Amino acid sequence: MTHQIRRATADDAGRLAALAAVTFPLACPPGSRPADIAAHLANTLSEANFRSYLADPAVTVLVIDAGGELRGYSLLAARPARDPDVAAVLTLLPSTELSKCYVHPDHHGLGAAAELMHACIGAAAAAGARGIWLGVNDQNARAIRFYEKSGFRKVGTKSFRLGSTVEHDFVMERPVTP
Ligand SMILES: CC(C)(COP(=O)(O)OP(=O)(O)OC[C@H]1O[C@@H](n2cnc3c(N)ncnc32)[C@H](O)[C@@H]1OP(=O)(O)O)[C@@H](O)C(=O)NCCC(=O)NCCS
């Protein structure tokens, strides 16, 4: 795949929402209710949501752009963790949250995710962070393995509400400079 990793702009909001609709369900545990997934997409990952993320000065959205088609994206938020369970376990401050990290399934296992992660760490470093943290569903073995390969380690747990269900996430952290 010939592609570049670049910062998203407001023009990408619709394509980001379309990509999120394909990739978010892949991060959900097998028993997740389709209605809860649909509600999360509508309330958190819509085109309008992406427009507001892209307008937020604390947020950086990076995309894998293959000839105008978006094949992956990440969203970094450079602000203190709001969840007390997260704030209590982070050791490398200030820490940027890697809030979303998704690659289209046609490109899994091909190294694109590692390139995206490299760009994320570069963006966090440029913003002055010492650490980078994320939450990942405790059943998402592929993503956990990817994050461990990328230098993250588990430092705690938190909960994540998906509709009526409370899901359990691992909190993972890595230094911005290895
Ligand atoms: C997470 C994601 C970005 C990683 O990208 P990727 O291209 O799949 O990553 P890689 O192939 O480099 O690494 C995945 C690792 O998990 C392993 N793996 C795959 N399926 C697995 C499973 N069911 N259980 C355990 N490990 C698994 C792979 O073998 C690989 O490890 P290896 O390189 O040691 O063999 C991508 O899978 C993705 O977008 N997933 C869907 C959305 C998602 O879950 N995002 C994360 C939300 S927190």
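Above this note sits the structure.
What comes next concerns the included structure. A quick note: this is a predicted structure, and the numbers were derived from the prediction, not measured. (Residues numbered from 1 in each chain as written. Predicted model: local features only at pLDDT ≥ 70, side-chain atom pairs only at ≥ 80, totals over all residues.)

## As for the overall build of the protein chain
Argument step 1. If you tally the helices and strands in the protein chain, you get six helices and seven strands.
Argument step 2. Reading the helices (α) and strands (β) of the protein chain from amino to carboxyl end gives β-α-α-α-β-β-α-β-α-β-α-β-β.
Argument step 3. Along the longest, intermediate and shortest principal axes, the C-alpha atoms of the protein chain span 40 × 40 × 30 Å.
Argument step 4. With 178 residues in all, the protein chain has 33% of them scored as buried.
Argument step 5. Here the contacts in the protein chain between residues at least 6 apart in sequence split such that 68% fall between residues at least 24 apart. (Helix = DSSP H or I, 4+ residues; strand = E, 2+ residues; numbered from the N terminus. Buried ≥ 20, exposed ≤ 12 C-beta atoms within 10 Å, placed from the backbone. Contact = placed C-beta atoms within 7 Å.)

## Observations concerning the sheet that holds strand S6 (residues 153-162)
Argument step 1. Taken in spatial order, the seven strands make up an open sheet running S1-S2-S3-S4-S5-S7-S6, and their pairing is mixed. The open sheet has two edge strands, strand S1 (4-7) and S6, and neither has a second partner. Taken pair by pair, the neighbouring strands of this sheet meet at an average axis angle of 30°, ignoring direction.
Argument step 2. Helix H1 (residues 13-23) rests against strand S3 (69-77) and strand S4 (95-103) of the sheet, and its axis sits at about 90° to S3. (Pairing = 2+ DSSP bridges. Axes fitted to C-alpha atoms, helices over the stretch in contact; angles between N-to-C directions.)

## As for the site of the ligand
Argument step 1. Close to the ligand lie 18 residues; Ala27, His108, Ala113, Ala141 and Arg145 are nearest.
Argument step 2. Broken down by secondary-structure element, the contributors of at least two residues to the shell around the ligand are S4, helix H5 (112-126) and helix H6 (141-149).
Argument step 3. Counting residues per element, the shell around the ligand draws most heavily on H6, which supplies six residues.
Argument step 4. Per-class residue counts for the shell around the ligand are 11 nonpolar, four polar and three charged. (Near = placed C-beta within 6 Å. Nonpolar A, V, L, I, M, F, W, Y, C, P; charged D, E, K, R; others polar.)

## Section: the nonpolar core
Argument step 1. Membership of the largest hydrophobic core comes to 43 residues, with the highest contact counts inside it found for Leu62, Tyr73, Leu116, Cys120, Ala124 and Met172.
Argument step 2. Put simply, the parts of the chain that give this core at least two residues each are H1, helix H3 (47-55), strand S2 (59-66), S3, S4, H5, strand S5 (131-137) and strand S7 (165-175).
Argument step 3. Top element by residues in this core is H5. It accounts for nine residues.
Argument step 4. Leu62 has contacts with Ile5, Arg7, Ala8, Tyr73, Ser74, Leu116, Ala119, Cys120 and Ala123, leaving out every residue within four places of it along the chain. (Core = buried A, V, L, I, M, F, W, Y, C linked by C-beta atoms within 7 Å.)

## Points about the pairing of S3
Argument step 1. Here eight bridges tie S2 to S3, and the two strands are oriented antiparallel to one another. Paired with Val63 across the two strands is Tyr73, which belongs to S3.
Argument step 2. Between S2 and the antiparallel strand that follows it, S3, lie two residues; Gly67 among them carries a positive phi value of about 60°.
Argument step 3. By the bridge criterion, six bridges tie S3 to S4 in an arrangement that is antiparallel. The residue bridging Leu76 from the neighbouring strand is Leu98, located in S4.

From the geometry alone we can't say anything about function, so treat these as descriptive.
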